[in-house]
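# Understanding the architecture of this molecule
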Amino acid sequence: MLHSAANVDHDPAFGRCRIVDKFFITGGQGCIGAWIVRRLLDEGTPFTIFDLAPNDQILQQLLSADESASLQRIFGDVSVTQTVEQAVQESGATAIIHLAGLQIPTCRANPVLGATVNVLGTLNVFEAARKSEGRIRSVAYASSAAVIGPPEDYDGPIVDDTPHRPRTHYGYFKLTNEGNARIFWQDHGVASAGLRPYAVYGIGRELGLSSGPSLALRATAAGQDYTISFSGPCGFTYTRDIADQFIGCARKATAGASALNVVGHCGTVEDFISVIEEVAPDARGSIRCEGGPLPVAAVIDETGLRELLGTVPLTPLADSIRDTIDRYKDLFDRGVLQP
Ligand SMILES: NC(=O)c1ccc[n+]([C@@H]2O[C@H](COP(=O)([O-])OP(=O)(O)OC[C@H]3O[C@@H](n4cnc5c(N)ncnc54)[C@H](O)[C@@H]3O)[C@@H](O)[C@H]2O)c1
């Protein structure tokens, strides 16, 4: 396997060269991307973020102005092959975390645009990895629990390789990406892991069909009422945990092409609201849910993710809810966000 000189460091403690991680993060300004940026800054790992056009709305909720100014950034459209290839090459990265994509409402309204960004964009990322001739050792990419259909389609727990019939274009685009990832491993030896988060919640998660739990936490911090637009079974994954899971997969998925279920905290939206009320008793009665469940079964097995990572990062639900409410209050106090 080849490594560029930029990624090889002499480590005096070991008296030999060691490979230094460097990440290339597409969609690095988005919710999950910004949390990955936060975690990589904390551990001192170098990275480049790639996104469509400058927009620091989420990054500024997690980073100081100095940290934002220090970021290595490349702007471009993930659906343009040459742009992605050049950006990956320039970055000198050894692993890619691919998050850039459009969410369910946009894919529903404009499936052609959805496929262009979500499917062609992902092919471009894998092509760039292939052309790196081994410098990129792995691609951790965002698939989604939306590949899974509603509970009536299944008998028993859903494992990673259970066949799926999604109920959205978005779900089929993600399923297509998983298939293409397998072919990139089969034909070209590009290793990858696709993660399938369900409802991610935390600072920055304010867009998309399953953003209700996050918006409920923001409303709680602001002392406002909020109604989550779905109810029933769901999987809840905290933003910081999913960030750590992506980083871990990008480091460890150096062979094969797995598509991995992510369970997070399995429970109902009603349970989630009860924990909000335990953590913030003043919110009692202010946070509600209405409507049916999401069309995605929630009895999911994540053995594959556990086997790859050893331990799956999972903050206790009450702690993550408390942390998010506190962070929102701090952002309101500092005028970064308006209640
Ligand atoms: N948040 C969740 O609950 C969740 C659940 C399952 C899967 N996912 C997937 O995880 C990924 C990240 O999710 P998120 O919540 O951070 O989303 P997000 O919408 O906050 O971030 C997506 C980022 O992609 C960028 N982007 C969009 N189109 C682009 C283009 N053409 N070129 C370059 N960049 C482009 C956006 O500017 C944005 O910064 C997405 O692929 C999403 O489908 C998210």
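See the structure printed just above.
Taken in spatial order, the seven strands line up as β5-β4-β3-β6-β7-β8-β12 in an open sheet, and their pairing is parallel. The sheet is open, and its two borders are formed by β5 (72-75) and β12 (257-261), each paired with just one other strand. Along the sheet, successive strands turn relative to each other by an average axial angle of 15°, direction set aside. Here strand β6 (residues 95-98) pairs with strand β7 (residues 138-142) via four bridges, running parallel. What sits directly across from His-98, in β7, is Tyr-141. Set on the sheet, helix α7 (residues 169-188) makes contact with β7, β8 (192-196) and β12; between it and β12 the angle comes to about 150°. On top of the sheet, helix α9 (residues 239-252) reaches β3 (23-26), β6, β7, β8 and β12; it is set at about 150° to β7, its chief contact.

What follows deals with unusual backbone geometry. We note that Glu-133 has phi near 55°; this positive angle belongs to a residue other than glycine. Among the structural elements, Glu-133 can be located in the loop between α6 (111-131) and β7. Exposure remark for Glu-133: the relative accessible area of 58% places this residue in the exposed category.

Rules used throughout
- Residues numbered from 1 in each chain as written.
- Predicted model: local features only at pLDDT ≥ 70, side-chain atom pairs only at ≥ 80, totals over all residues.
- Heavy atoms only, no water.
- Pairing = 2+ DSSP bridges.
- Helix = DSSP H or I, 4+ residues; strand = E, 2+ residues; numbered from the N terminus.
- Axes fitted to C-alpha atoms, helices over the stretch in contact; angles between N-to-C directions.
- Contact = heavy atoms within 4.5 Å.
- Buried < 20%, exposed > 50% of the residue type's maximum accessible area, 1.4 Å probe, protein only.

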